[in-house]
There are 2 protein chains.
Amino acid sequence: MAEILRHDKTARQLRLLSDALDSGRLGPVRRLVNTLSPAEIGNLLESLPPPKRSVVWGLVDPEDDGEVLVHVGEEVREGLIADMDPDELVAAVEDLDIDDLADLAEDLPDTVVDEVLKSMDRENRERLEQVLSYEEDTAGRLMNPDVVTVRTDTTVDVVLRFLRLRGELPEHTDHLYVVSKRHQYLGRIALQALLTHDSNTSVNELMDDEQPAIDVHETSDEVARQFSDHDWISAPVVDDNNILLGRITIDDVVDIIRNQAEHQAMSAAGLDEEEDLFSPVRRAFRRRMLWLTINLGTAFLASSVVGQFQGTIAHLVSLAVLMPIVAGMGGNSGTQVLALMVRGLALGQIGPSNVMTLVWKEVRIAIINGIGIGLLLALIVLLWFHDPMLAFVIALALTINFTAAALGGVFVPVMVKRMGFDPALAGGVILTTITDVMGFLSFLGLATLLLMR
Amino acid sequence: MAEILRHDKTARQLRLLSDALDSGRLGPVRRLVNTLSPAEIGNLLESLPPPKRSVVWGLVDPEDDGEVLVHVGEEVREGLIADMDPDELVAAVEDLDIDDLADLAEDLPDTVVDEVLKSMDRENRERLEQVLSYEEDTAGRLMNPDVVTVRTDTTVDVVLRFLRLRGELPEHTDHLYVVSKRHQYLGRIALQALLTHDSNTSVNELMDDEQPAIDVHETSDEVARQFSDHDWISAPVVDDNNILLGRITIDDVVDIIRNQAEHQAMSAAGLDEEEDLFSPVRRAFRRRMLWLTINLGTAFLASSVVGQFQGTIAHLVSLAVLMPIVAGMGGNSGTQVLALMVRGLALGQIGPSNVMTLVWKEVRIAIINGIGIGLLLALIVLLWFHDPMLAFVIALALTINFTAAALGGVFVPVMVKRMGFDPALAGGVILTTITDVMGFLSFLGLATLLLMR
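Here the structure is a predicted model, which means the values were calculated and not measured.

K.L.:
Summarise a negative patch on the surface; cite the residues concerned and give the values.
P.N.:
Residue and element names in this part refer to chain A. A cluster of acidic residues, Asp61, Glu63, Asp85, Asp87, Glu88, Glu94, Asp95, Asp110, Asp114 and Glu115, forms a negative patch on the protein surface. At the level of secondary structure, the elements contributing two or more residues to the negative patch comprise helix H7 (86-93) and helix H9 (110-119). Inspection of the secondary structure puts aspartate 85 in the loop between helix H6 (74-82) and H7. Residue classification places aspartate 85 among the partly exposed positions, given a relative accessible area of 40%.

Shown next as structure tokens:
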């Protein structure tokens, strides 16, 4: 086992850290941990079982505490916060950027949030309250209100002097925003442009008014889509009156994209993407229980179909041996269609205009696959059970189930999405129920019709 | 169906476009398409069945052709390239950035690549040849050699004059790189710093030498990890002698992250992430056939276990009714463990130091779930078949299979990764084979021992 992942930097750190922890020498652990970036520390904490996690968390430089909290999953975060006293928490988070602070706020005890608000100057307090007033997973929550604005009736020279006076710019500033007197968004100026143009050029000339601003109520998924469609590094956020409220930067968008991906992968297995790798057994049990109970219900549905054919099975026990193949293969082929559909739906590529073309394509593939795999299956069954009619029945049942899988694979995710649910989460359960039921029904039904004499 | 996804911008464009195409008026289609960014056009093309796709592709502004090709999946790209004659292709791609051109190069006909190389000036030709000399999916392939460098023995004032003379900077330039006489990487200067410091400040003073450079042979996955761990917008790429070769920017990293996510979601269903939603039936059939044949093999393995117990089933047909439940529920619970493990392995969070802790946690959850779900299942079976011993057997078999699922869920992905395969691709097949075999074996085996008198 020691060879696994040797090439992997995080895993290497993990082993070093684990060895140092086991030896009980905390000095080297502290030094190791504090060479890492907050995101790396977060990743490392997530990979430690809770007792070790607490020890290492206590060794992290308090200056990094806030950033580390931003970078871990919700479940791990709750545990880390529970390990800190209110004063430590206030100290850890009060210097965070407004958008990060807003992100953490709902996981912090109310007293800590109040304390942090009190410690802020009026401008920042108002900004934080404004960000928190927008719904979760909207542009308003993602934005940082700290932006550098200039007016249109000025020149590069004036802007340069203003910037030198101002000093440091907010992180990842690649553009200054041009606003009207009423703070309406007019356009943006690239820092590059300021550096490559004559000092007497007017701001108006350099202003790029092509990039649309993001509406503060836009969903974060839509924000991510726009960023990656346009290769933006940052984008302005405005309200309904086009008043500039803040700015979203690519680093937050990268986090959204990562979360979307995790959500899709985890929810296909009925898990929450915030789940801690080491979540307490009791908690994990409760969560998984629900998912397994739903699956138990669908399993009984499929079983009850088999139950209708007990007489047939009693006559011909080989049906019981072969029936899982028909059901399972239908599930496999349906899952392939589902994966294509879930991706297409997530990218907005599927709509009324092309869904029938897709169905037709998938049904044709299903029938060809049914014949191809069906012939192979029939041959094996013939060699095994020496019953040509049984071989014919299983090949036909397989083709029927593949067709059902193709229809289900296309329509189930579309319907699930239409009903407002997540196709990645609910699609798989419904689809495999269909392929199980259809697999048993077609195979045992055809067998009853054709083999029972 | 018309209601689906009305909120979704791409789907809305798709419908407008589809209506316009159906009406045969190509003027509005052309206007609509050319308001979109190349990435949006790419997404739209991917959502069109091939005949419509060809029509729309012909209407795209030739200036955008190259960028659109960069933004579509490989399979769609091949089709679009086949639609163009060599001259069009050369014109489309010759103005692309070096990194984009390198990305396309292997999908282009050799004659087109030669033509493009010939049309370039010597500097760019050498750059492209250099980028192409690195392996796919490494930093060398991702980098853009077009970087702005300054020397250490100079001042802000000189740099500003140099930039004004130079004019436009490469896209997404947020830092200038400081190099030695031998072009070795020394550090970087933020554009921000140039704008906020006095013109007589020395470059040395402003230089940030903290950010490590990326090794040109680093894998693209590792590059993506470093970018998101450190919130970089761009990073320098160096060779073994620390000579600055180029620069990687966040927009390419966003593409890597998206591809990783797609790869994981699609490969779990045995699909290639480059697969076209509308790939020709023959091609899709051949690809899926392989996956289904592998699954057919594992299905027979599970069936052969059932085959060993035909005598038992003939005695008690209710076993055939209930056995898919034990096998299927084991698969569901194993898939949950697998999803957690695949994520953990991808993040480098799992190694020899914590794998046993994980196993122990998952086994405990499995046993508790086995008892909980097992009792529920036993109760239903008791009500259905009025056989207390059968109810006991199914609950015990379920607990055994949950435990097998927990062990398989942890060890299978670790082993698969250790053998150099993709846990997301192969893990699911192996795991469900284990849970099917163990499910049938434990249920039918226990039934033979305890119910056959």
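From this point, things continue past the structure.
K.L.:
Outline the interface of chain A and chain B, supporting the account with residue identities and numerical values.
P.N.:
Across the boundary between the two partners, chain A contributes 133 residues, which contact 131 residues of chain B. Summing both partners gives a buried area of about 12100 Å² for chain A against chain B, and 67% of it is carried by carbon and sulfur. The interface formed by chain A and chain B contains 6 salt bridges. Ionic pairing is found between A:Arg343 and B:Glu262, a salt bridge with its closest N-O pair at 3.0 Å. On inspection of chain A and its partner chain B, the count reaches 34 residue pairs in polar contact (both at pLDDT 80 or more). Across the side of chain A that touches chain B, the residue classes tally to 70 nonpolar, 37 polar and 26 charged.

K.L.:
Lay out the packing of aromatic side chains in plain terms, naming residues and giving numbers.
P.N.:
Tallied over the full model, the rule gives 8 aromatic pairs over all chains. Pairing A:Phe227 with A:Trp232 gives two aromatic rings, centres 5.5 Å apart and planes at 80°, and the pair type is edge-to-face. A connected cluster of aromatic rings, assembled from ring pairs, spans A:Phe300, B:Trp384 and B:Phe385.

K.L.:
Let's hear about the side chain of B:Ser442: which residues, and what values?
P.N.:
Residue and element names in this part refer to chain B. Among the structural elements, serine 442 can be located in helix H22 (residues 423-451). Among the polar contacts listed, one links the side chain of serine 442 to the backbone oxygen of methionine 438, at a separation of 2.8 Å. Residue contacts for serine 442: discarding those within four places in its chain leaves Val326, Ala397 and Ile400.

Rules behind the numbers
- Residues numbered from 1 in each chain as written.
- Chains lettered and ligands numbered in written order.
- Predicted model: local features only at pLDDT ≥ 70, side-chain atom pairs only at ≥ 80, totals over all residues.
- Heavy atoms only, no water.
- Patch = residues over 30% accessible without salt bridge, like charges linked within 9 Å, V, L, I, M, F, W, Y side chains within 5 Å.
- Areas by Shrake-Rupley, 256 points an atom, 1.4 Å probe, with all protein chains shown as cover.
- Salt bridge = Lys/Arg side-chain N within 4 Å of Asp/Glu carboxyl O.
- Lys, Arg positive; Asp, Glu negative; His and termini not counted.
- Charge placed at Lys NZ, Arg CZ, Asp CG, Glu CD.
- Helix = DSSP H or I, 4+ residues; strand = E, 2+ residues; numbered from the N terminus.
- Buried < 20%, exposed > 50% of the residue type's maximum accessible area, 1.4 Å probe, protein only.
- Contact = heavy atoms within 4.5 Å.
- Buried area = accessible area lost by both parts, 1.4 Å probe.
- Polar contact = N/O pair within 3.5 Å; in protein donor to acceptor, adjacent residues only side chain to side chain.
- Nonpolar A, V, L, I, M, F, W, Y, C, P; charged D, E, K, R; others polar.
- Phe/Tyr/Trp six-rings, centres within 6.5 Å; stacked < 30°, edge-to-face > 60°.

So, to be careful, I would describe these as geometric facts and stop short of saying anything about function.
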